[in-house]
Amino acid sequence: MRSMRIYTNNQEQKPNISALKTSVVMSEILEPVSNPQRLEILRAVAFEMKSFSAFSELTGLRGGNLLFHLQKLMESGLILQQHERGDYMITEKGFKILQGLNEIYSSLQNYPLQNSSKQRPEKNDLMERKEKNRDDYLNSGILIFNFAAFNLETFHFLALSG
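Residues numbered from 1 in each chain as written. Predicted model: local features only at pLDDT ≥ 70, side-chain atom pairs only at ≥ 80, totals over all residues. Heavy atoms only, no water.

Asks: Would you mind showing me how to read helix α4 (residues 36-44) here?
Replies: For an α-helix the count is 3.6 residues per turn, leaving residues at separations of three or four pointing the same way. Restricting attention to buried positions, one finds in α4 the residues Arg38, Leu39, Ile41, Leu42 and Ala44. Two or three places before Gln37, at the opening of α4, Asn35 has a side-chain oxygen 2.8 Å from that residue's backbone nitrogen. (Buried < 20%, exposed > 50% of the residue type's maximum accessible area, 1.4 Å probe, protein only. Helix = DSSP H or I, 4+ residues; strand = E, 2+ residues; numbered from the N terminus. Polar contact = N/O pair within 3.5 Å; in protein donor to acceptor, adjacent residues only side chain to side chain.)

Asks: I tried to follow the pattern of salt bridges on my own but got confused; where do I start?
Replies: Oppositely charged side chains may form a pair once their charged atoms are brought near each other. Scanning the model with the defined rule gives 6 salt bridges in all. Residue Glu31 is joined to Lys72 by a salt bridge in which the shortest nitrogen-to-oxygen separation is 3.5 Å. Here the residue Glu31 occupies a position in helix α3 (residues 22-33), and Lys72 occupies one in helix α6 (residues 63-75), the gap between them amounting to 41 residues. Classification of Glu31 by relative accessible area gives partly exposed; the value is 28%. Taking the relative accessible area as the measure of exposure, Lys72 reaches 25% and is therefore partly exposed. (Salt bridge = Lys/Arg side-chain N within 4 Å of Asp/Glu carboxyl O.)

Asks: Can you help me understand the packing of aromatic side chains in this one?
Replies: Centre-to-centre distance and the angle between the planes together describe a pair of aromatic rings. Applying the stated criterion across every chain, the model contains 2 aromatic pairs. With centroids separated by 6.0 Å and ring planes inclined at 85°, the aromatic side chains of Phe47 and Phe95 adopt a geometry described as edge-to-face. Residue Phe47 is found in the loop between α4 and α5 (52-59), and its partner Phe95 is found in helix α7 (residues 92-107); the two are separated by 48 residues along the sequence. Residue Phe47 is classed as exposed on the basis of its relative accessible area of 75%. (Phe/Tyr/Trp six-rings, centres within 6.5 Å; stacked < 30°, edge-to-face > 60°.)

The quantities given are spatial measurements derived from coordinates; they are silent on function.
And the structure:
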């Protein structure tokens, strides 16, 4: 079974992964980008500064709703505002998080679980919904923590149906 090899092949990374501080990862990395509008805002300022009105047009949010998301990103240190009524720009931390998400997304594009439809033509509704929502999980950063659960669920699904 392919999913079981991950335990034998990645033992050298165990100390690095064990050092992750879950609360810090959640509050400073995943939570700020777990909202689609905030991730769009972060992507928008990756290469150029943007104004409040540009974000409003991009996200469809107005006034206080948009300000709430901008403040979340600023409080997390992912973006900053040039001056009180100025344009917004990405910080080094924000850019590194965006790069990391891009690397995760790119590395999973050819992952075998994405091609499960070729291996097994019949899928239940749950599997179809998970495949349909895969990009949403990737874009929000949640995939990092749901990945292991999805593998386990897929393993159980295949074991029960095989």
